[in-house]
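Notes for the structure review
So you can see what is in the structure, the chains are spelled out below.
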Amino acid sequence: RKEVEQDPGPFNVPEGATVAFNCTYSNSASQSFFWYRQDCRKEPKLLMSVYSSGNEDGRFTAQLNRASQYISLLIRDSKLSDSATYLCVGGVSGGYNKLIFGAGTRLAVHP
Amino acid sequence: DAGVIQSPRHEVTEMGQEVTLRCKPISGHDYLFWYRQTMMRGLELLIYFNNNVPIDDSGMPEDRFSAKMPNASFSTLKIQPSEPRDSAVYFCASSPDSNYGYTFGSGTRLTVV
């Protein structure tokens, strides 16, 4: 079983739609979580951290459910520019944290 | 800040040749990571350093791969001899602390023919 699992998609949505991505992690000791965005043939870039209380950044909302070992990302009012692959990331603790990346969920927003 | 700098951006080499990938982390970042990305396997952590010391190299595929960090501003990933299955995008990333996430370089696209 992969440590971080995501639905690969693709999610094809019209502009203005609300779309949600889910992710599960297997290591209950994971302590830090992030969402990254990766455009085609580019490097991953940090989109937002994920906190236990949930957090919002403009049109983006991230949630963490430790009991279910589940992370989510909600994008409201989708824009064409949101088209990308979204990577769920869990941090494994143990002296020196290291981040484990999910395989990514592809989003395509169309006019 | 110039960000994480990797070179070369693209590398095409013949099977059996030695390949060296280079990385300059962001100044002040104590952690440096080497990842490999393929369509089949996604992003895989190969090795990471803390204060120039290798901490976890369990992701290094085999003895053909080696990584060094001689000082805080430079790291190399070497493949010798290279094989076609090593073809991938290799990313270097750095971080002051993983609680802040990582900053990735632009990657090196390696093709071994």
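This text goes with the structure placed above it.
First, a word on what this report is: a plain description of the structure on this page. Every value quoted in this text rests on a predicted model; they were computed, and no experiment measured them. (Residues numbered from 1 in each chain as written. Chains lettered and ligands numbered in written order. Predicted model: local features only at pLDDT ≥ 70, side-chain atom pairs only at ≥ 80, totals over all residues. Heavy atoms only, no water.)

The next thing to look at is the packing of aromatic side chains. The final tally for this structure, using the stated rule, is 15 aromatic pairs over all chains. For the ring pair Tyr36 of chain A and Phe104 of chain B, a centre distance of 5.9 Å and an interplane angle of 85° mean the geometry is edge-to-face. One end of the pair, Tyr36 of chain A, is in strand β4 (residues 32-38); the other, Phe104 of chain B, is in strand β10 (residues 103-104), on a second chain. Geometrically, the ring pair formed by Phe101 of chain A and Tyr35 of chain B is edge-to-face, given 5.3 Å between the ring centres and 85° between the ring planes. Of the two residues, Phe101 of chain A sits in strand β10 (residues 98-101) while Tyr35 of chain B sits in strand β4 (residues 31-38), which places them in two different chains. For the pair Phe101 of chain A and Tyr35 of chain B, a shared accessibility class is recorded, and that class is buried. Three or more aromatic residues joined by ring pairs form one cluster here, namely Phe34, Tyr36 and Phe101 of chain A together with Tyr31, Phe33, Tyr35, Tyr48, Phe91, Tyr102 and Phe104 of chain B. (Phe/Tyr/Trp six-rings, centres within 6.5 Å; stacked < 30°, edge-to-face > 60°. Helix = DSSP H or I, 4+ residues; strand = E, 2+ residues; numbered from the N terminus. Buried < 20%, exposed > 50% of the residue type's maximum accessible area, 1.4 Å probe, protein only.)

Our next topic: the sheet that holds strand β1 (residues 4-6) of chain A. The strands that make up a sheet are held in pairs by hydrogen bonds between backbone atoms, and each pair lies either parallel or antiparallel. Residues and elements named next belong to chain A. Spatially, five strands are ordered β1-β3-β8-β7-β6 in an open sheet, and the strand pairing comes out antiparallel. In this open sheet, the two strands that pair with only one neighbour each are β1 and β6 (55-57). Geometrically, the sheet is characterised by an average inter-axis angle of 20° between neighbouring strands, direction not taken into account. Pairing of β6 with strand β7 (residues 60-65) involves three bridges; the strand directions are antiparallel. Across the sheet, Asn55 pairs through a bridge with Ala62, a residue of β7. (Pairing = 2+ DSSP bridges. Axes fitted to C-alpha atoms, helices over the stretch in contact; angles between N-to-C directions.)

It is worth spelling out the interface of chain A and chain B at this point. Taken together, the contacts link 15 residues of chain A with 21 residues of chain B. One can count zero salt bridges joining chain A with chain B. On inspection of chain A and its partner chain B, the count reaches four residue pairs in polar contact (both at pLDDT 80 or more). Per-element tally for the side of chain A that touches chain B: the top contributor is β4 of chain A, with four residues. Across the side of chain A that touches chain B, the residue classes tally to eight nonpolar, three polar and four charged. (Contact = heavy atoms within 4.5 Å. Salt bridge = Lys/Arg side-chain N within 4 Å of Asp/Glu carboxyl O. Polar contact = N/O pair within 3.5 Å; in protein donor to acceptor, adjacent residues only side chain to side chain. Nonpolar A, V, L, I, M, F, W, Y, C, P; charged D, E, K, R; others polar.)

Core analysis: the biggest nonpolar cluster contains 24 residues, and Phe21, Trp35, Ile71, Leu73, Ile75, Tyr86 and Leu107 of chain A have the highest contact counts within it. Those elements that provide at least two residues to this core are β3 (19-25), β4, β5 (44-50), β7, β8 (70-75), β9 (84-92) and β11 (105-110) of chain A. Apart from residues no more than four positions distant in its own chain, Tyr86 of chain A is found in contact with Gln6, Phe21, Trp35, Tyr36, Arg37, Leu47, Phe60, Leu73, Ile75, Gly104, Thr105 and Leu107 of chain A. With 20 residues, the next largest nonpolar core counts Trp34, Leu46, Phe65 and Cys92 of chain B among its residues. (Core = buried A, V, L, I, M, F, W, Y, C linked by side-chain atoms within 4.5 Å.)

So, on to unusual backbone geometry. Across the junction of Ser7 of chain B and Pro8 of chain B, the peptide omega takes the value -10°, indicating a cis bond. With respect to the helices and strands, Pro8 of chain B occurs in the loop between β1 (5-7) and β2 (10-13). At Gln69 of chain A, a residue that is not glycine, the phi angle is positive and equals roughly 55°. Positioned with a positive phi, Asn51 of chain B is a non-glycine residue whose angle comes to about 50°. Tracing the sequence through the fold places Asn51 of chain B in the loop between β5 (42-50) and β6 (53-56). A residue is classified by how much of its surface remains accessible, and Asn51 of chain B, at 45% relative accessible area, is partly exposed.

One number sums up the size of the largest pocket: a volume of about 810 Å³. What lines the largest pocket is a set of 27 residues, and nearest its centre among them are Gln38, Arg41 and Thr85 of chain A together with Gln37 and Met39 of chain B. Elements supplying a minimum of two residues to the lining of the largest pocket: β9 and β11 of chain A together with β4 and β9 (88-95) of chain B. In terms of residue count, the dominant contributor to the lining of the largest pocket is β9 of chain A (three residues). (1 Å grid on protein atoms, 1.4 Å probe; cavity = no way out; pocket = protein on both sides within 12 Å on 5 of 7 lines; lining within 4 Å. Points joined across faces, edges and corners; volume = space filled by probe spheres on them.)

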